[in-house]
Amino acid sequence: MLVAIISFAAAIASIVLAVREVRGWRTNATAASSSEKDAAPAKTGRVPYRASGVAWALAFLAIQVFIGVWGALGLVQDEPIAPIIMNAVLTGCVYLSLARPRLRSRLLALFEPGSRWPHPQAACAPAMVATGIFATLALELPSNHNLLWMYPLCLLLEIFLVTAVVAGFFYLFQRRGAAPAIASFVFFAIGIAEYFVITFKSQPIQPGDLTAIATAAAVGGGYIFSITSYCLYGIVALALAMITSAYAALLKPDREHRTRKQLLVNLLVGVLCLGGVIGHVVLVDYYNLLRIQVYTWRPLESYYRQGFIPSFISSAQTIQPRKPEGYSKSGAQDLIDEYAASYDESAGTTPERTEAVEQFEDVQPSVIVVMNETFSDLSDYDNLHAGYEGPEFFNGIDDAVQRGDLYVSAYGGGTCNTEFEFLTGNSMAYLGNGVYPYTIYNLTHAENLAQQFSDLGYTTTAMHPNHATNWNRENVYRDFGFDEFLAIEDFEGADTLRGMVTDAETYDKIIEMLETDDDPQFIFDVTMQNHSGYDTGLIPTEMQTNYLIDGTYDPEVNEYLALIEESDRALEDFLGELEELDRPVVVVFFGDHQPFFPSDFNDAWFQGEDDATHSERLYHTGYVIWANYDLAGSEQQSQQEDISTNFLGAEVMNLIGAPLSDYQKAQLALRESMPAINMIGYQDQAGVWHLSSAVADEHATEAFSAAQKAREDLAKMQYLKLFDHGDSVYTKTLQGAANETNPNLAPGTTKIK
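Residues numbered from 1 in each chain as written. Predicted model: local features only at pLDDT ≥ 70, side-chain atom pairs only at ≥ 80, totals over all residues. Heavy atoms only, no water.

**Considerations on the overall build of the chain**
Stage number 1. Across its full length, the chain carries 26 helices and 16 strands.
Stage number 2. Burial analysis of the chain (753 residues in total) assigns 56% to the buried set.
Stage number 3. Once local pairs closer than 6 in sequence are excluded, the contacts in the chain between residues at least 24 apart make up 79%. (Helix = DSSP H or I, 4+ residues; strand = E, 2+ residues; numbered from the N terminus. Buried < 20%, exposed > 50% of the residue type's maximum accessible area, 1.4 Å probe, protein only. Contact = heavy atoms within 4.5 Å.)

Spelled out as C-alpha cells, the structure:
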C-alpha cells in the first residue's frame with residue numbers, strides 16, 4: 001500500500017505541474033496575441049509540439065497510475081526508495097514533456113550557427129546512444145540485478161544492438177520520438193517478461209519459448225504477477241529512454257525546412273541501422289566466433305553474465321540442428337546395426353528376455369504410462385531441513401518390476417520435452433537449451449511408442465485433462481499415430497483440485513477404458529493436478545501440510561508437498577484397483593520434472609560440489625515400472641536401475657518382452673557404456689556424471705572415455721532418426737490457439753463459456 005500512496009501522490013503532483021504548464025501556454029499565447037494584433041499568424045511549429053507533449057505526459061502519467069493500482073493490489077514490493085525514485089523521475093518527465101514547446105528554442109540555440117556545436121542533426125546521434133543505454137537498462141534491470149557482473153564486452157555488444165534498433169526506428173520514421181520510445185518500451189516489456197519467467201520457472205526466456213506462447217498463456221492463470229523494486233528501476237530507465245527520444249525529436253527541421261534529400265538520408269540511415277542488426281545476427285556465429293554460449297547446466301548465469309540479447313541470439317542460432325562431427329547417413333545406420341547386433345548377441349539372448357518374449361506373444365498386456373505433472377521426491381534435498389520423507393506409498397513400492405532415479409531434461413517447466421524423450425527415445429542433450437521439439441520440429445517421421453504399439457495391434461490413447469492445443473499436442477499426437485486424444489472436453493464434471501482435474505479422475509477414466517475394451521491398450525496419461533504455481537491458497541484444510549524448513553513455514557513449498565501427497569494417495573488407489581482387474585496391465589509411472597524452487601535449496605545446502613553432480617540433483621525425478629501379473633523374466637522385487645527418459649521407453653519394451661526396433665536395441669546396448677544422458681550431462685559406467693561439454697583426455701578413466709564415445713555415437717544415430725529424412729526439419733502444424741488453465745475458459749478467450 002505504501003507504493004500505491006507514493007504513486008498516487010506523485011500522479012497528483014504530475015497533474016498539478018501539468019495544469020500549471022498548460023496555463024503557461026495560454027498566458028504566452030495571450031501575450032503574443034496582444035503584442036502582435038496586426039501581424040499574420042506565425043507558423044512556429046509549436047502547436048504540434050504542444051499536442052505531442054500532452055501525449056508524452058499522458059504516457060508517463062499512465063505508468064504512475066498503473067503502478068499505483070498494482071501497488072494497491074499488493075503486487076509491488078512494499079519499500080519506499082524505489083517508488084520514490086521512480087515517481088520523481090516520472091513526474092519530472094511529465095513536466096519536461098509539457099515544457100517541450102517552451103524549451104525547444106533553448107535546445108536549438110545550443111546548435112545554431114556560431115554556437116559551440118553548430119550541428120543540430122549530428123546531436124541526434126549521442127541522444128540515440130543515450131536512449132540505447134537507457135533501453136538496455138530497462139531490459140536488464142528487472143531480472144539482472146548486478147550489471148557489474150556482466151562481461152564488459154557482452155554489455156557493450158548488447159548496448160550496441162539496442163542502440164542500433166532504437167536509432168534505426170528513429171531515422172526510419174523521420175526522427176520522430178515515438179518510434180524509439182515504443183522500441184524502448186518493447187525492450188522493457190521483454191525485460192519484465194524475463195523477470196516473470198525466471199520467477200516462475202527459475203529459467204530464462206529461450207527462443208523455443210516463442211513457439212509456445214499459447215501454452216504459456218494456458219498455464220499463466222496459476223501465477224501471481226507481483227513485481228520488485230528492480231522492476232521499478234527498469235521503469236526509471238524506460239522513462240529516461242522515452243524522454244530522451246522526445247527531446248531528440250525536437251532537433252529535426254521544421255516542416256517548411258525539410259528537404260527530399262533529408263528524407264532519403266533518414267531512410268538510408270534507418271535501413272542501415274536495422275539491416276546491420278539483422279545482418280549481424282544472421283552472419284556472426286555467436287557460439288563459435290564470439291564464444292557466447294548458454295551453458296545448459298547454468299542458463300541463468302549465462303544470461304546474467306552475457307546479457308539477455310547476446311544469450312538469446314546464441315540460443316536461437318543453435319535451434320537449427322547441426323550435423324554431428326563426422327556424420328554420414330550410411331555411417332549412422334552402420335552404428336545402429338552394430339549396436340543392435342551387439343544387443344542381439346548379449347542382452348537379447350538372456351533367459352529373462354527369452355521368457356518375457358514368449359509371454360508377451362501370448363499375453364499382450366495393456367501398458368499404462370502415467371507422466372505425472374511435477375512429481376518428484378524433494379526429500380533428496382536433505383529432507384528439506386524439515387523431516388520430510390517424500391511420497392510414502394511411491395517410495396515404499398516393493399513389488400515393482402523396476403524402479404529408480406529418472407534423469408530428465410526439464411526443470412521447473414517444459415513438460416513436453418520429457419514426453420518427447422520418452423515417446424521417441426531421442427534425447428534433448430543434442431537439441432540445445434530452450435528448444436521444444438513439439439512446437440519447432442517436424443516429428444512426422446520420428447519413431448515413437450504410440451506407432452509401435454499400434455503396429456502390434458494395440459488401441460492407443462493419449463490423455464491430458466487440459467486443452468489439446470497445449471504444447472501443440474493435438475497435432476503431435478496425431479502425427480505420432482494415437483488413435484484418440486482425450487483432452488479437457490472429455491473430463492466435463494470431473495473433480496478438480498485448485499481448479500485442475502485430479503490425478504484420480506484420469507485414473508478412473510483409464511479403469512473405465514480397461515473395463516469396456518478387451519483389446520490390448522497403450523494409454524499415455526499426462527496429468528495436470530500438480531501444475532505450478534503453488535501460491536494459490538486453494539488446498540483444502542484437510543489436505544494441507546505443515547513442514548517447517550529451518551523452522552520457517554513456506555506456503556509455496558507446503559502447497560506443492562500437499563499436492564504430492566494427494567498424487568501419492570491416488571497412485572496407491574489406482575494400483576490397488578488394477579490388482580483386482582482380471583487382465584494383465586503394466587504401469588509406467590514417472591514425474592516429468594521438479595518444481596521451480598529446489599534450486600534455492602540446492603545452492604544453499606550443497607556447496608563445494610562439482611558442477612555435474614550439483615546440477616543433476618535438479619534434473620531428476622523418479623520412476624517405477626509395475627505389473628499386476630507375474631511378469632516372466634522378472635523377480636518383481638523393485639530392482640533399482642537409474643536411467644534417463646530417452647532410454648526408458650526401450651527399457652519398458654525390453655522388460656515386458658515386446659518386439660524392439662533396431663534403434664531401441666542400439667540404445668539398450670549403448671547403455672552399457674552410458675547408462676543415462678540428459679541436457680546437462682551424461683553418466684559413465686562407473687556412475688560418475690560428466691557435463692555435456694566435458695572432453696576425455698589421456699588422463700581420463702576408461703569408463704569416461706567409453707561414455708564419451710557412446711555419446712558421440714548416439715548423436716549420429718539420433719540425427720539420422722530425427723532429422724535426416726529428406727523432409728522439412730521444422731513443423732508444418734503449428735499450435736492452434738492460446739487458452740487458459742481454467743477448464744471453464746475456451747481456447748483463445750478470457751470469457752467464461
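**Structural notes on a negative patch on the surface**
Stage number 1. Where like charges cluster on the molecular surface, the negative patch consists of Glu392, Asp495, Asp508, Glu512, Glu515, Glu572, Asp573 and Glu577.
Stage number 2. Here Glu572 lies in helix H21 (residues 555–580).
Stage number 3. Take Glu572: its relative accessible area is 40%, and that puts it in the partly exposed class. (Patch = residues over 30% accessible without salt bridge, like charges linked within 9 Å, V, L, I, M, F, W, Y side chains within 5 Å. Areas by Shrake-Rupley, 256 points an atom, 1.4 Å probe, with all protein chains shown as cover. Salt bridge = Lys/Arg side-chain N within 4 Å of Asp/Glu carboxyl O. Lys, Arg positive; Asp, Glu negative; His and termini not counted. Charge placed at Lys NZ, Arg CZ, Asp CG, Glu CD.)

**Focus on helix H11 (residues 299–306)**
Stage number 1. Turning to H11, its buried residues number three or more, namely Pro299, Leu300, Ser302, Tyr303 and Gln306. All buried residues of H11 lie within an arc of 160° about the axis, which places them on one face of the element.
Stage number 2. On its buried face, H11 is in contact with helix H6 (152–172), helix H7 (178–201) and helix H12 (308–317).
Stage number 3. Looking one or two places after H11, you find Gly307, whose phi comes out positive at around 90°. (Arc of directions from axis to C-beta.)

**As for the pairing of strand E2 (residues 402–407)**
Side chains on a regular strand alternate between the two faces of the sheet.
Stage number 1. With five of its six residues buried, E2 lies for the most part within the structure.
Stage number 2. For E2 and strand E11 (residues 620–627), the ladder comprises six bridges, and the chain directions are antiparallel. Across the sheet, Gly404 pairs through a bridge with Tyr623, a residue of E11.
Stage number 3. As defined by bridge partners, E2 adjoins strand E13 (residues 643–644) across two bridges and the pair is classed as parallel. Bridge pairing links Leu406 to Ile643 in E13. (Pairing = 2+ DSSP bridges.)

**Describing the sheet that holds strand E14 (residues 676–677)**
Stage number 1. Spatial ordering of the open sheet is given by E14-E15-E16, a layout of three strands whose pairing is antiparallel. Looking at the sheet topology across the chains shown, the edges are occupied by E14 and strand E16 (689–691).
Stage number 2. Helix-sheet contacts for helix H26 (residues 702–722) involve E14, strand E15 (681–683) and E16, and the interaxial angle to E15 is about 125°. (Axes fitted to C-alpha atoms, helices over the stretch in contact; angles between N-to-C directions.)

**Side note on the packing of aromatic side chains**
Stage number 1. Taken as a whole and judged by the stated rule, the model has 39 aromatic pairs.
Stage number 2. On the numbers, 6.3 Å between centres and 75° between planes, the contact of Tyr381 with Phe606 is edge-to-face. Taken together, the positions of Tyr381 in the loop between strand E1 (366–372) and helix H15 (392–396) and Phe606 in the loop between helix H22 (598–605) and helix H23 (611–616) put the pair 225 residues apart, joining distant regions of the chain. For the pair shown, Tyr381 and Phe606 are each scored as buried.
Stage number 3. Ring geometry for Tyr441 against Phe723: centres 5.0 Å apart, planes inclined by 75°, an arrangement best described as edge-to-face. Highlighted residues: Tyr441 in the loop between helix H17 (437–440) and helix H18 (449–455) and Phe723 in the segment after H26, separated in sequence by 282 residues.
Stage number 4. Here a set of aromatic residues connected by ring pairs shows up, and it is made of Phe360, Phe453, Tyr458, Tyr477, Phe482, Phe485 and Phe522.
Stage number 5. The ring of Phe394 has Arg403 lying over it, and the distance from NZ or CZ to the ring centre is 4.9 Å.
Stage number 6. Directly above the ring of Phe606 sits Arg617, whose terminal nitrogen or CZ lies 3.9 Å from the centroid. (Phe/Tyr/Trp six-rings, centres within 6.5 Å; stacked < 30°, edge-to-face > 60°. Lys NZ or Arg CZ within 6 Å of the ring centre and 35° of its normal.)

**What to know about the packing of helix H14 (residues 351–363) against helix H24 (residues 645–656)**
Stage number 1. Across the interface, H14 lies against H24 with an axial gap of 7 Å and an inter-helix angle of 80°. One element, H14, and the other, H24, form an angle in the roughly perpendicular class. In contact with Arg353, Ala356 and Phe360 of H14, H24 contributes Met653, Asn654, Leu655 and Ile656.
Stage number 2. The residue makeup of the contact of H14 with H24, split by class, is five nonpolar, one polar and one charged. (Parallel < 35°, antiparallel > 145°, perpendicular 65-115°, else oblique. Nonpolar A, V, L, I, M, F, W, Y, C, P; charged D, E, K, R; others polar.)

**Here we look at the confidence of the model for the chain**
Stage number 1. Chain-level statistics for the chain give a pLDDT mean of 89 and a share of 90% at 70 or above.
Stage number 2. Confidence drops under pLDDT 50 across residues 38–48; counting only partners more than four residues distant or on other chains, this segment forms three contacts. (pLDDT = per-residue confidence, 0-100.)

**A short note on the side chain of Thr163**
Stage number 1. The residue Thr163 is located in helix H6 in this model.
Stage number 2. In this structure Thr163 touches Met128, Val129, Gly132 and Ile133, once residues within four positions along its chain are discounted.

**Topic: the environment of Tyr230**
Stage number 1. Relative to the helices and strands, Tyr230 is located in helix H9 (residues 229–248).
Stage number 2. In the structure, Tyr230 is positioned 92 residues away from Ala138 in sequence and 9.7 Å away in space, judged by C-alpha atoms.
Stage number 3. Those residues in contact with Tyr230, other than ones at most four positions away along the chain, are Leu141, Pro142 and His145.

**Notes on the pattern of salt bridges**
Stage number 1. Within this structure, the stated rule accounts for nine salt bridges.
Stage number 2. The residue Arg617 makes a salt bridge to Glu609 at a minimum N-O spacing of 2.6 Å.
Stage number 3. Note on Arg617: relative accessible area 14%, which makes it buried.
Stage number 4. Put simply, Arg671 and Glu651 hold a salt bridge, and the shortest N to O gap is 3.8 Å. Residue Arg671 is located in the loop between helix H25 (662–670) and E14, and its partner Glu651 is located in helix H24; the two are separated by 20 residues in the primary sequence.

**Some words on the pairing of strand E10 (residues 585–591)**
Stage number 1. Counting buried positions along E10 gives seven out of seven residues, so the element sits mostly inside the fold.
Stage number 2. Going residue by residue along E10, you find Val585, Val587, Phe589 and Gly591 tucked away on one face and Val586, Val588 and Phe590 tucked away on the opposite face as well.
Stage number 3. Sheet topology note: the E1/E10 ladder contains seven bridges and is parallel. Along E10, the bridge assignment pairs Asn372 with Gly591.
Stage number 4. When E10 meets E11, the two strands line up antiparallel, connected through five bridges. Residue pairing across strands places Val587 opposite Trp626, the latter belonging to E11.

**Here we look at the packing of helix H13 (residues 329–345) against H26**
Stage number 1. Their axes nearest at 9 Å, the elements H13 and H26 cross at an angle of 115°. The element H13 and its partner H26 pack so that their crossing is left-handed. In contact with Lys329, Ala332, Gln333, Leu335, Ile336 and Tyr339 of H13, H26 contributes Lys709, Ala710, Asp713, Lys716, Met717, Leu720 and Lys721.
Stage number 2. A breakdown of the residues in the contact of H13 with H26 according to their chemical character gives seven nonpolar, one polar and five charged. (Left-handed = near helix turned anticlockwise from the far one by under 90°.)

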